[in-house]
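Residue-level structural notes
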Amino acid sequence: MNILLLGSGGRESAFAWKISQSPLCSQLFIAPGNAGTGAFGKNVNIQATNFAGIREFVLQNNVQLVLVGPEEPLVKGIHDYFLADEDLKSIPVIGPREEGAKLEGSKNFSKAFMRRHFIPTAASASFTINSLNEGLSYLETHKYPVVLKADGLAAGKGVLICQTVEEAQTELVAMLQDAKFGEASSTVVIEEFLTGIELSVFVLTDGHTYKILPEAKDYKRIGEGDTGLNTGGMGSISPVPFADAAFMKKVEDQIVKPTIAGLKSDHIPYKGFIFIGLMNDNGDPYVIEYNVRMGDPETESVMPRIESDFVDLLLGVAHENLAEKELKVSDKTAATVMLVASGYPGTYLKGKVISGLDNIRDSHIFHAGTTLEDGLIKTSGGRVLAVTSLQDTMFDAVQQAVADAGRVYYDGRYFRTDIGFDLL
Ligand code: AMP
Ligand code: GLY
């Protein structure tokens, strides 16, 4: 079958690599893709939010399955767009409809969902401009630090951790009154600060049953030792040693099962991924957030560990027979090191020629912010390349990924060399 994958990052490169190995896939298209995805399929110059362009392409190229990588097209309703169109409605889309995508698109919605279904999460309250004064009073009696979250999508920047009442009150005013994050902060969730270690858990569901995919740990900060500014993710590891069978059973019983059951009882059909960002607080899991897509760079560590035919799993979601499919996972460890551009996560250099991609010894290279220009592969984003190594032990995986990351070069190249070391 012909498959269309939407997106252009490292996550989509890892998806494309995995999908291209399936005998069920005759042709893979990636829209818009990057300089690396062209090795696994055909790049198509259509943005993932250009629904009309996607419609035309799907019909002209006999696309029979659409996999949505990023959240934006889902939150904007691409799945509903397909269902509402006579010519498209029989073509399965992997990714939730607009209502389900609110789990990521609205923090207020997802907190209410968790409360309604008794899913462990930080205590919270929501405020708008009309309840600004109540919000300011609420902050006076709150424990510190406190977490302020813009309700809507804010390009990963809408979460503020405030240490004092004064700081939190200033930020609340900035968000509600001065639209610090635009429309996204017209509602603000004020939340208890959770302590512990973070974990990314991934669930694939057809709306009835589910498979828990390999879990991963994401390294979010720019500097060694997880210090400095927050980024989209500087590396990842899978599996995660503290996510042992006992912990994962708690995650399944207390979070995954009530989430799937809650979607069903709320009459929210859901076909796709649920990414549960959680905190392990002394052995107990608490949901920090839901995302309605896979994580990046977690996908670059998760895909290499999946041994089953990934397209067959996606078809299980599409046809609502996921329970009949087998998920086979490698017990090796995957370590991913992200190569980023100088300046990232602030203003960063672009258009630098990348060399040394053939020097890699025992890792996969998943392109993220790269583009092909005059036959040269150049940097075009803050996160440029993901280097993933799959090895028998975590130590070997980390060492190999770091060594291979050092074999690729471009002006201003930067990467962390300590991914996974906190777990060793
Ligand atoms: P989010 O945009 O919801 O992913 O939040 C970004 C990051 O902020 C998370 O990955 C956590 O590291 C941190 N964070 C969010 N909510 C909390 C919380 N309630 N307690 C502690 N840290 C949090
Ligand atoms: N790695 C975190 C995310 O994809 O949101």
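Cut-offs applied
- Residues numbered from 1 in each chain as written.
- Chains lettered and ligands numbered in written order.
- Predicted model: local features only at pLDDT ≥ 70, side-chain atom pairs only at ≥ 80, totals over all residues.
- Heavy atoms only, no water.
- Helix = DSSP H or I, 4+ residues; strand = E, 2+ residues; numbered from the N terminus.
- Rg over C-alpha atoms; globule rule 2.2 N^0.38 Å.
- Buried < 20%, exposed > 50% of the residue type's maximum accessible area, 1.4 Å probe, protein only.
- Contact = heavy atoms within 4.5 Å.
- Areas by Shrake-Rupley, 256 points an atom, 1.4 Å probe, with all protein chains shown as cover.
- Expected span 1.5 Å × (residues − 1).
- Bend = angle between axes of the 7 residues up to and from the residue.
- Near = heavy atom within 4 Å.
- Polar contact = N/O pair within 3.5 Å; in protein donor to acceptor, adjacent residues only side chain to side chain.
- Core = buried A, V, L, I, M, F, W, Y, C linked by side-chain atoms within 4.5 Å.
- Axes fitted to C-alpha atoms, helices over the stretch in contact; angles between N-to-C directions.
- Parallel < 35°, antiparallel > 145°, perpendicular 65-115°, else oblique.
- Left-handed = near helix turned anticlockwise from the far one by under 90°.
- Nonpolar A, V, L, I, M, F, W, Y, C, P; charged D, E, K, R; others polar.
- 1 Å grid on protein atoms, 1.4 Å probe; cavity = no way out; pocket = protein on both sides within 12 Å on 5 of 7 lines; lining within 4 Å.
- Points joined across faces, edges and corners; volume = space filled by probe spheres on them.
- Pairing = 2+ DSSP bridges.

What follows deals with the overall build of the chain. A count of helical and extended segments in the chain gives 12 helices and 22 strands. Taking 424 residues into account, the globule formula puts the C-alpha radius of gyration at 22 Å, and the chain, at 21 Å, falls close to it. Every one of the 424 residues in the chain was classed for burial, and the buried ones make up 57%. The contacts in the chain between residues at least 6 apart in sequence include a share of 69% that link residues at least 24 apart. With an accessible surface of roughly 17,100 Å², the chain has 49% of that area assigned to carbon and sulfur atoms.

Taking 1.5 Å of rise per residue, 21 residues should cover 30 Å, and helix 9 (residues 245–265) covers 28 Å from first to last C-alpha, within 8% of that figure. The sharpest bend along helix 9 measures roughly 40° and falls at Glu252. Turning to helix 9, its buried residues are Phe247, Met248, Val251, Ile255, Val256, Pro258, Thr259, Ile260, Gly262 and Leu263. For helix 9, the elements touching its buried residues are helix 5 (98–105), helix 6 (107–116), strand 10 (197–205), strand 11 (210–212), strand 16 (272–281) and strand 17 (284–291). In the segment just after helix 9, His267 is the residue with positive phi, at about 60°.

This part is about the site of ligand 1. In the vicinity of ligand 1, 13 residues are found, and the nearest of them are Glu191, Glu192, Leu194, Glu198 and Glu289. Lys107 is positioned such that a nitrogen or oxygen atom in its side chain is 3.2 Å from an oxygen atom of ligand 1. Lys220 has a polar side-chain atom sitting 3.1 Å from an oxygen atom of ligand 1. Listing elements by their share of the shell around ligand 1, those giving two or more residues are strand 7 (146–150), strand 9 (187–192) and strand 17.

In this structure, Leu4, Val66 and Ile276 are the most contacted members of the largest nonpolar core, which totals 71 residues. Broken down by element, the residue count for this core peaks at seven residues, all from helix 9. With near-sequence residues (within four places) excluded, Val66 lies in contact with Leu4, Leu6, Val58, Phe82, Ile91, Pro92, Val93 and Ile94. Grouped together as the second largest cluster of nonpolar side chains are 39 residues, Ile3, Trp17, Leu314 and Val317 included.

Orientation of helix 7 (residues 132–141) relative to helix 8 (residues 165–176), taken along the N-to-C sense of each, is 160°, at an axis distance of 9 Å. One way to sum up the angle between helix 7 and helix 8 is to call them roughly antiparallel. Handedness of the helix 7/helix 8 crossing: right-handed. On helix 8, the residues that touch Leu132, Gly135, Leu136, Leu139 and Glu140 of helix 7 are Val165, Ala168, Gln169, Leu172, Val173 and Leu176. Its residues assigned to classes, the contact of helix 7 with helix 8 shows eight nonpolar, two polar and one charged.

A word on the layout of surface pockets. Considered as a void within the structure, the second largest pocket measures approximately 290 Å³ in volume. Looking at the second largest pocket, it is lined by 19 residues, and the ones nearest its centre are His79, Pro269, Tyr270, Lys271 and Glu320. Elements that contribute at least two residues to the lining of the second largest pocket include exactly helix 4 (78–83), strand 5 (93–94) and helix 9.

All right, on to the sheet that holds strand 18 (residues 333–340) then. Read from one edge to the other, the open sheet built from five strands follows the order 12-15-18-22-19, with strand pairing classed as antiparallel. Two strands bound the open sheet, and with one partner strand each, they are strand 12 (217–218) and strand 19 (364–367).

With that out of the way, let us pick up the packing of helix 5 against helix 6. A pair of packed helices is captured by two measures, namely the crossing angle of their axes and the spacing between those axes. Running from N to C, helix 5 and helix 6 cross one another at 95°; their axes reach a closest spacing of 6 Å. Put simply, helix 5 runs roughly perpendicular to helix 6. Across from Glu99, Lys102, Leu103 and Gly105 in helix 5, the residues of helix 6 making contact are Lys107, Phe109, Ser110 and Phe113. Here the contact of helix 5 with helix 6 is built from residues that sort into three nonpolar, two polar and three charged.

Right, let's talk about the side chain of Asp218 for a bit. When you line up the elements, Asp218 lands in strand 12. Given the relative accessible area of 14%, Asp218 is considered buried.

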